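# Summary of structural features
Here is how the chains run, residue by residue.
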Amino acid sequence: MIKKKHMNKEIGLVLSSGGARGAAQIGVIKALEKQDYKIKSLSGSSIGSIILGMYARGELLEFEKWITSFTEDEIVNMLGFTLKKNGILKVDGFFEILNEKFPDKNIEDLKIPCAIVATDIINNESVVFNKGSLYKAIRASISIPSLIIPVYYNDTILVDGGVLEPIPINALPYSDILDVYVINLYAKEEGKSIIKEQIKDVSDTKQEKKSRRYKAFINQIENFLSRANIRNILDYITNPATSIDNIGYLNLLNTSTSAMVERIANLTIQAYKPDIVIDIPKDICKTLDFGNIKELINFGEQRTYETLEKLKSNKTKGLND
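What this report covers is the structure whose coordinates are included nearby. Note that the coordinates shown come from a computational prediction; the quantities given were computed from them, not determined experimentally.

Once that is clear, we can look at the overall build of the chain. In terms of regular secondary structure, the chain is built from 11 helices and 8 strands. By the burial criterion, 48% of the 321 residues in the chain qualify as buried. A separation of at least 24 residues holds for 74% of the contacts in the chain among residues at least 6 apart in sequence. Total accessible area on the chain stands at roughly 16900 Å², and carbon and sulfur atoms take up 51% of it.

By size, the foremost hydrophobic cluster in this structure holds 75 residues, and its most contacted members are L13, L32, L42, F63 and F129. A total of 7 residues in this core trace back to one element, the largest contributor, which is helix α2 (residues 47–57). Ignoring anything within four residues of it in the chain, the contact list for L13 reads I29, L32, I39, S41, L42, S43, L172, Y181 and I183.

Our focus in this paragraph is the packing of α2 against helix α6 (residues 134–141). Contact pair α2 / α6: the axes reach a minimum separation of 9 Å and the direction vectors enclose 160°. When the axis of α2 is compared with that of α6, the two are roughly antiparallel. Here the hand of the crossing between α2 and α6 comes out right-handed. For the pair α2 and α6, the contacting residues are S49, I50, G53, M54 and R57 in the first and L134, Y135, I138 and S141 in the second. Tallied by class, residues from the contact of α2 with α6 come to 5 nonpolar, 3 polar and 1 charged.

This structure, assessed with the given rule, holds 6 salt bridges. In this structure, E64 engages K30 in a salt bridge whose closest nitrogen and oxygen atoms are separated by 3.2 Å. Linking E64 in helix α3 (residues 60–67) with K30 in helix α1 (residues 24–34), this pair joins segments that are 34 residues apart in sequence. Classification of E64 by relative accessible area gives buried; the value is 14%. K30 sits in the buried class, given a relative accessible area of 17%. A salt bridge links R303 to E189, with the shortest nitrogen-to-oxygen separation between them at 3.0 Å. A residue pair is termed long-range when its members are at least 10 positions apart, and R303 in helix α11 (residues 293–320) and E189 in the loop between β7 (179–187) and α7 (192–199) qualify at 114 residues.

A few words on the side chain of R303. For R303, a relative accessible area of 13% corresponds to the buried category. For R303, the residues in contact, after removing those within four places along its chain, are E189, I278, D279, I280 and P281.

Our next topic: the pairing of strand β4 (residues 125–129). Two strands pair when backbone bridges link them, and strand β3 (residues 114–120) and β4 are joined in this way by 5 bridges, in the antiparallel orientation. By the bridge assignment for β4, V117 is matched with V128. Once β3 ends, the chain turns through 4 residues before running back antiparallel as β4, passing N124 with a positive phi of about 55°.

What counts, and at which threshold
Residues numbered from 1 in each chain as written. Predicted model: local features only at pLDDT ≥ 70, side-chain atom pairs only at ≥ 80, totals over all residues. Heavy atoms only, no water. Helix = DSSP H or I, 4+ residues; strand = E, 2+ residues; numbered from the N terminus. Buried < 20%, exposed > 50% of the residue type's maximum accessible area, 1.4 Å probe, protein only. Contact = heavy atoms within 4.5 Å. Areas by Shrake-Rupley, 256 points an atom, 1.4 Å probe, with all protein chains shown as cover. Core = buried A, V, L, I, M, F, W, Y, C linked by side-chain atoms within 4.5 Å. Axes fitted to C-alpha atoms, helices over the stretch in contact; angles between N-to-C directions. Parallel < 35°, antiparallel > 145°, perpendicular 65-115°, else oblique. Left-handed = near helix turned anticlockwise from the far one by under 90°. Nonpolar A, V, L, I, M, F, W, Y, C, P; charged D, E, K, R; others polar. Salt bridge = Lys/Arg side-chain N within 4 Å of Asp/Glu carboxyl O. Pairing = 2+ DSSP bridges.

And the structure:
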């Protein structure tokens, strides 16, 4: 299908699932806007649905300031630990506070056409939300299996959109007439050293405070669950297995799931062949490592500039050949 090419850089943008590293997508959007791109439609799964929603509201910068203002203690209070058999995080507190700061809206009333994707695990299919409550759609889309309690919806159960569509290109409105830009949070390049390089200037005092807060965070979990063997429980659940010595039940489950999701993401890009892919390293941070949001946003912005510059360079080279 031949697309219309827009002189004013009108694009459709697809935001990925990917946990905390999804914060880099805020930086991507900021860079695109600074380069005069006009985002005319959006689709997203999981963390991508949150950023998609705030941008389509016209309040992404306000959301960025808000989300980067929290301390570790405040994050603990928002997560809401529970002993439910289908998850250990309720996240109700987060949505209550979010709704106070940014009151819920219907998706159809947002400034940009949007599609938010969740996964129906009873019928093994994706569910695309393009109308109704924004926050109810996001709540379903971020429900990471075994970690965040799923959503019961229309006699079925919804979990994270990234289970079936980590990069929901197929759901993007007007993809037939817009250039499709994809943010890929599953790139296989080395990312850990990049974030470490960006945060190495943090003072020892600040690092010490963060360490104390993290220990307090773990202590709260231990006190709540009253078990002795769950130190670093979130890391244990969300970290991939790296050797035969650290493969436990949940660790093995997470590693297997991550491998499948990554494979689906790569196959999606190959199948739909978007016009531009902005790659973010898959190992740039842990799934729930929200302590480096500012650095992740900065990285996403810089990576976008690099991608656009490479695109421009390739076009110039093509004209000269």
